[in-house]
Amino acid sequence: MTMLKKIVSVAALAGLLAGLLLTAVQQIQVVPLILEAEVYEEASASAVQEDEAWQPANGWERTLFTAAANIALALGFALLLSAVVSLRGGKIDWRSGLLWGTAGYAVYFVAPSLDLPPEVPGTQAAQLGDRQIWWLMTTLLTAAGLALLIFARHWATKILGAILLGVPHLIGAPQPVIHHSAAPVELAKAFIFATAIANAVFWISLGGLTGFFYKKMA
Amino acid sequence: MSSMPKLAENVELQTRGHAWKDKLLPALFAATLGLMLLYTAGFAEIPVLHNAAHDGRHSAAFPCH
């Protein structure tokens, strides 16, 4: 099997399964909080009007599109993960896959959330483009920092890795002029907790499945 | 005498060429495909895409709205 075929096959299987698992976990504990927050958002007079474009109707249609988005994101992350695993080389199985998944969770959820916590709809935030740039920079520096910290042989390079991990948080994420949320604080806190669990389940399963299928297709 | 180092050099160049073709290129291609998927589902500001992927973006803690 060519390397490209292997990477894509592993990513397709692991991404699809982890995306479906994420959808199930999310429907139980994340989506109900989003729907609750939207009630506050609509009731709030200061709420920014949503665009008039098409949107899926609440119910099965919305769930279906959310599942599709989850699977697309999962396939995207799975392709990145399999590509990095193939570059790193060496032995991999579901156990070492769990470690790769944990690293993915740290890079794509924990690090950005330290400064830009997961938000329910109806929360004031800084300019979208600025936050997206900070998010991208944070994930790149965290990935590079972790790689140096874990794989570098020389202690000085390891220290450089640790510094890279800290840089995005020293710069800090763009913040709104006034922090305001239509939803109560308890709901916002519950959302952070719920997404932390859902994303942990997703990344750990994605990592384990990637390791498992990667070994199987050797 | 001078052909030996040249041969070694050729072998090294070929090995490097293989590493590029067999390892680096597939990984780059797969990663680019992955980034395109992530951009479309997670970042693109086209309203229809945003609305369809809305709950997934909030759940993944991507900057949304």
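Small disclaimer: the values here were computed from a predicted structure and weren't measured.

Caption draft 1: Layout of a nonpolar patch on the surface. A surface patch of nonpolar side chains, amounting to about 650 Å² of accessible area, comprises W54(A), W60(A), L64(A), F65(A), I46(B) and V48(B). No other element matches helix α3 (residues 60-88) of chain A, which puts three residues into the nonpolar patch. Residue position: V48(B) is located in helix α2 (residues 47-59).

Caption draft 2: Just the side chain of R62(A), in detail. Along the polypeptide, R62(A) turns up in helix α3. Engagement of the side chain of R62(A) in a polar contact is seen with the side chain of E38(A), the distance being 2.9 Å. Among residues more than four places away in sequence, those in contact with R62(A) are I34(A), L35(A), E38(A), P56(A), A57(A), H54(B) and D55(B).

Caption draft 3: Quick look at the interface of chain A and chain B. At the junction of the two partners, chain A supplies 44 residues and chain B supplies 34 residues. Here chain A and chain B share an interface that buries about 3300 Å² over both sides, 70% of which is from carbon and sulfur atoms. On the chain A side of the interface with chain B, the three residues burying the most area are L73(A), Q132(A) and W135(A), jointly 16% of the side's total. Put simply, chain A and chain B have one salt bridge between them. Between R62(A) and D55(B) there is a salt bridge, with the nearest N and O atoms lying 2.8 Å from each other.

Caption draft 4: Main features of the domain arrangement of chain A. Residue and element names in this part refer to chain A. Split by domain assignment, chain A resolves into domain 1 (1-44 + 58-121 + 185-218) and domain 2 (126-175). Taking only C-alpha atoms into account, the centre of domain 1 sits 20 Å from that of domain 2. Taken together, the contacts link twelve residues of domain 1 with 15 residues of domain 2. With both chains or domains summed, domain 1 and domain 2 bury close to 1100 Å², and 74% of this area falls on carbon and sulfur atoms. At the junction of domain 1 with domain 2, the criterion picks out zero salt bridges. With nine residues, the single largest contributor to the side of domain 1 that touches domain 2 is helix α4 (residues 94-115).

The rules behind each value
Residues numbered from 1 in each chain as written. Chains lettered and ligands numbered in written order. Predicted model: local features only at pLDDT ≥ 70, side-chain atom pairs only at ≥ 80, totals over all residues. Heavy atoms only, no water. Patch = residues over 30% accessible without salt bridge, like charges linked within 9 Å, V, L, I, M, F, W, Y side chains within 5 Å. Areas by Shrake-Rupley, 256 points an atom, 1.4 Å probe, with all protein chains shown as cover. Salt bridge = Lys/Arg side-chain N within 4 Å of Asp/Glu carboxyl O. Helix = DSSP H or I, 4+ residues; strand = E, 2+ residues; numbered from the N terminus. Polar contact = N/O pair within 3.5 Å; in protein donor to acceptor, adjacent residues only side chain to side chain. Contact = heavy atoms within 4.5 Å. Buried area = accessible area lost by both parts, 1.4 Å probe. Domains from an automatic or database assignment.

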